[in-house]
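# Descriptive analysis of the structure
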Amino acid sequence: MFHAAINEDMLRRYDVAGPRYTSYPTADRFGPDFGETQYINALRSCRGGTPSAPLSLYAHIPFCESLCYYCACNKIVTKHHSRARPYLDAMKLELDRVVSHLGSARWISQLHLGGGTPTFLSDDELSEWMDHVRHHFQWAPNGEYAVEVDPRTVTAERLRALKEMGLNRLSFGVQDFDPDVQAAVHRVQSEDKVFALVDEARVLGFESINIDLIYGLPKQTPQTFAQTLERVKALRPDRIAVYGYAHLPTRFKPQRRIALADMPPAADKLHMLSMALDVLGQAGYDYIGMDHFALPNDGLAKAKRHGLLHRNFQGYTTHPDSDLIAVGVSAIGRVGATYNQNVKTLEAYYEALQAGHLPVERGLSLTRDDLIRRAAIAAIMCAGELLFQPFSEAWLIDAKSYFAPELEHMQALTKDGLVRVDAHGVFVTAMGWYLVRIIAMGFDRYLQQQAQPLRYSKVM
Ligand code: SF4
């Protein structure tokens with residue numbers, strides 16, 4: 001349907017780079033004016049919150065045993081597992097320091113272990129981390145406690161250990177099942193092992209299983225990707241994320257190992273996206289937005305149906321906006337009306353902590369305009385509508401006048417059938433959900449002022 005509805009002219013105009021809006025303003029707007037002092041002030045202003053203001057916690061574990069050539073993450077490739085111990089100690093120290101300012105009254109309702117490869121840490125080390133979090137915070141009932149899993153690094157026994165630590169969600173990085181594609185990106189993992197692990201995760205009672213796929217990888221063709229989609233259908237995870245590969249070799253060094261000649265042409269890439277939308281839709285998955293699909297009884301699909309979706313640094317979520325404490329090298333957090341990001345190298349991270357500091361490198365204090373636009377972008381990307389009257393009342397503005405230039409801009413998107421604008425608001429159409437980043441970009445003041453070429457991933 002998507003393929004049929006989008007014509008060549010639209011393809012050319014909308015084949016642009018754009019933010020994923022896991023935050024607004026986006027992380028490239030963070031600056032060095034925001035540092036440790038500002039972060040501490042933000043933490044202290046939240047001190048003494050109640051369990052009714054739940055907290056999210058993200059821990060970034062940067063180590064990976066081998067390099068995937070498509071990788072755009074902040075990671076350190078090493079086979080030396082002895083590097084995990086000092087890193088774990090540093091993360092614990094960072095959390096202690098955060099808690100000394102924030103207090104520990106609030107409950108954790110979302111926890112995410114990401115990377116890199118979180119399971120680079122041994123079960124004992126991960127368990128020590130979880131105990132340390134429990135030492136500081138109570139855990140909310142019905143919370144989402146998730147870990148990213150590289151199928152090459154875990155066994156059934158390790159999954160059992162993760163479950164016993166209190167983790168209840170798994171996200172498997174599969175990307176593609178085709179052996180040639182796996183070889184071309186230097187990430188070879190057997191299909192049998194993925195199937196066995198997912199089966200085991202179900203037996204163990206993990207509440208939600210996510211599979212990540214990537215389209216647009218080297219050696220991928222619509223035919224090979226169709227086979228991967230068939231295998232994923234057979235796996236039937238609760239959630240599937242299908243990301244478009246962004247080939248930016250000047251920015252991400254590992255990608256220089258990918259031969260340009262192996263890259264699928266843009267038309268094939270679009271075909272693969274279209275195929276994913278059709279195949280997963282026919283297999284009973286609900287389309288959530290951007291790259292996300294979920295089975296109808298999954299919390300994400302229910303939240304979309306009831307207009308209760310939210311978005312944070314991990315993408316779409318069912319949990320309302322909450323403060324996010326992020327620890328670890330390069331981790332990005334959100335506290336009150338601020339964002340903070342840690343230093344990006346291990347050396348700088350250890351150095352800051354040893355010197356008695358919080359390892360913040362940059363961040364941003366949001367202006368009122370930032371907050372208004374963040375709410376508008378969230379309304380578009382999560383609810384698929386920006387209703388003028390409630391929005392005006394919530395922000396004490398006249399939304400129609402405030403966004404007059406943006407509504408003017410929406411006219412072109414209206415002609416292409418992506419949005420409908422009437423006296424009551426802006427409404428994302430069924431077609432518009434596929435290009436919802438384009439609609440959100442219309443409300444991004446920084447993009448409107450941008451003189452430099454964009455450095456984001458492509459929206460398709
Ligand atoms: S894609 Fe994931 S597992 Fe691969 S190198 Fe990057 S962070 Fe590590």
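Let us look at the structure shown here.

### Side note on the sheet that holds strand E18 (residues 419-422)
- With antiparallel pairing, 3 strands are arranged side by side in an open sheet as E17-E19-E18. At either end of the open sheet lies a strand with only one pairing partner, and these are strand E17 (385-387) and E18. Between one strand and the next, the sheet's axes are offset by a mean angle of 15 degrees, whatever the strand orientation.
- Pairing geometry for E17 and strand E19 (residues 425-428), over 3 bridges, is antiparallel. In the strand pairing of E19, leucine 386 is matched with valine 426.

### What about the site of the ligand?
- All residues adjacent to the ligand are Cys64, Ser66, Cys68, Tyr70, Cys71, Cys73, Gly116, Thr117 and Arg187.
- For the shell around the ligand, the per-class residue count stands at 5 nonpolar, 3 polar and 1 charged.

### Here we look at helix H10 (residues 266-282)
- For H10, spanning 17 residues, the distance from its first C-alpha to its last is 24 Å, which sits close to the expected 24 Å at 1.5 Å a residue.
- Listed as buried for H10 are Lys269, Leu270, Met272, Leu273, Ser274, Met275, Ala276, Leu277, Val279 and Leu280.
- Taken from the residues just after H10, glycine 284 is the one with a positive phi, measuring 100 degrees.

### Some words on empty space enclosed by the protein
- Taken as a whole, this structure holds 1 cavity of 30 Å³ or more when the rule is applied.
- By volume, the largest cavity amounts to about 30 Å³.
- Looking at the largest cavity, the residues that line it are Val174, Gln175, Asp176, Val181, Gln182, Val185, Arg187, Gln189 and Leu217.

### Considerations on the pairing of E18
- Strand direction decides the pairing type here: E18 and E19, joined by 4 bridges, are antiparallel. When the sheet's bridge partners are listed, aspartate 422 is paired in E19 with glycine 425.

### With respect to the pairing of strand E7 (residues 208-215)
- By the criterion of burial, E7 is predominantly enclosed, with 8 of the 8 residues buried.
- Residues of E7 alternate between two faces, with Ser208, Asn210, Asp212 and Ile214 on one and Ile209, Ile211, Leu213 and Tyr215 on the opposite face, all of them buried.
- Bridge count between strand E6 (residues 169-175) and E7: 6 bridges; the pairing is parallel. Among the inter-strand pairings, serine 171 is bridged to a residue of E7, identified as asparagine 210.
- Of the pairings in the sheet, the one linking E7 to strand E8 (residues 239-244) comprises 6 bridges and is parallel in character. Its bridge partner lying in E8, asparagine 210 is registered against arginine 239.
- Once the chain exits E7 it traverses helix H9 (residues 222-235) before rejoining the sheet at E8, and the crossover so formed is right-handed.

Rules used throughout
- Residues numbered from 1 in each chain as written.
- Predicted model: local features only at pLDDT ≥ 70, side-chain atom pairs only at ≥ 80, totals over all residues.
- Heavy atoms only, no water.
- Pairing = 2+ DSSP bridges.
- Helix = DSSP H or I, 4+ residues; strand = E, 2+ residues; numbered from the N terminus.
- Axes fitted to C-alpha atoms, helices over the stretch in contact; angles between N-to-C directions.
- Near = heavy atom within 4 Å.
- Nonpolar A, V, L, I, M, F, W, Y, C, P; charged D, E, K, R; others polar.
- Expected span 1.5 Å × (residues − 1).
- Buried < 20%, exposed > 50% of the residue type's maximum accessible area, 1.4 Å probe, protein only.
- 1 Å grid on protein atoms, 1.4 Å probe; cavity = no way out; pocket = protein on both sides within 12 Å on 5 of 7 lines; lining within 4 Å.
- Points joined across faces, edges and corners; volume = space filled by probe spheres on them.
- Right-handed = clockwise from strand over helix to strand, strands pointing away.

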